[in-house]
Amino acid sequence: MAVQLLTPEGMFAPVPYHHVSIATGARQVHVAGQIARDADGNPVATGDLAGQVAHALRSTARGLAGAGATFADVVRLRFFVTNWSPDKDDDFVAGIDSVVDELGIPRPLPPLSAIGVDYLFEPDVLVEVEAYAVLD
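Residues numbered from 1 in each chain as written. Predicted model: local features only at pLDDT ≥ 70, side-chain atom pairs only at ≥ 80, totals over all residues. Heavy atoms only, no water.

Participant: Explanation requested: the overall build of the chain in the structure shown.
Facilitator: Secondary structure summary: the chain contains 3 helices and 6 strands in total. When the helices and strands of the chain are listed from N to C terminus, the series reads β-β-β-α-β-α-α-β-β. Here the C-alpha atoms of the chain give a radius of gyration of 15 Å, agreeing with the 14 Å that 2.2 N^0.38 yields for 136 residues. Each of the three principal axes of the chain carries a C-alpha extent, and together these read 40 × 35 × 25 Å. (Helix = DSSP H or I, 4+ residues; strand = E, 2+ residues; numbered from the N terminus. Rg over C-alpha atoms; globule rule 2.2 N^0.38 Å.)

What follows is the structure, given as structure tokens:
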């Protein structure tokens, strides 16, 4: 396996992700920020953070698959969420939880960052997901 996920003793816990990933391999895969748009560019899950997170993760999975990777190869995930506030956490996590089994996303998750931003791509876009993976 090209990616080893771990949380060394003494690091902040419990969290739903690992703090550290160790990647070995020759090929790097970078999936650009994925948003809630279908293949024709039409908005998906307008106004629904959980739905947009799920759709963006599905699109991320397609990008990974196109490079011969899966979420098992992911070293890092980065989420950008518009107008973040703590009350959005449940919807954010629900979006991830709704596709974990479907997409084979490991639990705990790879290291991730959720970054609050004022605005993304277009006004209806609530979240963007980026992934970085390594293959043997």
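Participant: Looking at this structure, I do not really get helix α2 (residues 89–97). What am I missing?
Facilitator: One full turn of an α-helix is made of 3.6 residues, so residues set three or four places apart face in the same direction. Within the sequence span of α2, burial applies to Phe92, Gly95 and Ile96. Buried residues of α2, viewed axially, fall in a sector of 100°; they line one side. Structurally, α2 contributes buried residues whose contacts are with α1 (49–66), β4 (74–82), α3 (100–103) and β5 (112–117). (Buried < 20%, exposed > 50% of the residue type's maximum accessible area, 1.4 Å probe, protein only. Arc of directions from axis to C-beta. Contact = heavy atoms within 4.5 Å.)

Participant: I keep staring at the side chain of Ser113 and nothing clicks. Help me out?
Facilitator: When you line up the elements, Ser113 lands in strand β5. Setting aside its immediate chain neighbours within four residues, Ser113 contacts Arg76, Leu77, Arg78 and Phe79.

Participant: Hey, could you run me through the pattern of salt bridges in this one?
Facilitator: A side chain of one charge can pair with a side chain of the opposite charge if their charged atoms are brought near each other. Under the criterion given, the structure shown has 5 salt bridges. Between Arg37 and Glu122 there is a salt bridge, with its nearest N and O atoms 2.5 Å apart. Of this pair, Arg37 sits in the loop between β3 (27–34) and α1 while Glu122 sits in the loop between β5 and β6 (127–135); the two residues are 85 residues apart in sequence, bridging distant segments of the chain. In this structure, Arg37 and Asp124 form a salt bridge, with 2.8 Å as the shortest nitrogen-oxygen distance. With a gap of 87 residues between them, Arg37 in the loop between β3 and α1 and Asp124 in the loop between β5 and β6 connect regions that are remote in the sequence. Arg37 gets classed as buried once you look at its relative accessible area, which sits at 11%. Each member of the salt-bridge network shares a partner with another, and the members are Arg37, Glu122 and Asp124. (Salt bridge = Lys/Arg side-chain N within 4 Å of Asp/Glu carboxyl O.)

Participant: So what exactly am I meant to see when it comes to unusual backbone geometry here?
Facilitator: What you tend to see is this: most non-glycine residues have negative phi, and most peptide bonds are trans. Each neighbour pair has its own omega, and for Ala13 with Pro14 the value is 0°, a cis peptide bond. Inspection of the secondary structure assignment puts Pro14 in the loop between β1 (3–6) and β2 (20–23). One non-glycine residue, Ala45, lies in the positive phi region at around 55°. Mapped onto the elements of the fold, Ala45 is located in the loop between β3 and α1.

Participant: Help me understand the layout of surface pockets in this model?
Facilitator: Where empty space is left in the structure can be found by rolling a water-sized probe over the atoms. Counted as a void, the largest pocket has a volume near 160 Å³. Surrounding the largest pocket, Pro16, Tyr17, Trp84, Asp89, Phe92, Val93, Ile96, Arg107, Leu109, Leu112 and Ala114 form its lining. Every element with two or more residues in the lining of the largest pocket is listed here: α2 and β5. With 4 residues, the single largest contributor to the lining of the largest pocket is α2. Its residues placed into classes, the lining of the largest pocket shows 9 nonpolar, no polar and 2 charged. (1 Å grid on protein atoms, 1.4 Å probe; cavity = no way out; pocket = protein on both sides within 12 Å on 5 of 7 lines; lining within 4 Å. Points joined across faces, edges and corners; volume = space filled by probe spheres on them. Nonpolar A, V, L, I, M, F, W, Y, C, P; charged D, E, K, R; others polar.)

Participant: So what exactly am I meant to see when it comes to the side chain of His18 here?
Facilitator: Assignment of secondary structure puts His18 in the loop between β1 and β2. Residue class for His18 comes out buried when judged on its relative accessible area of 15%. Excluding its chain neighbours within four sequence positions, the residues that come into contact with His18 are Leu5, Leu6, Thr7, Pro108, Leu109, Pro110 and Pro111.

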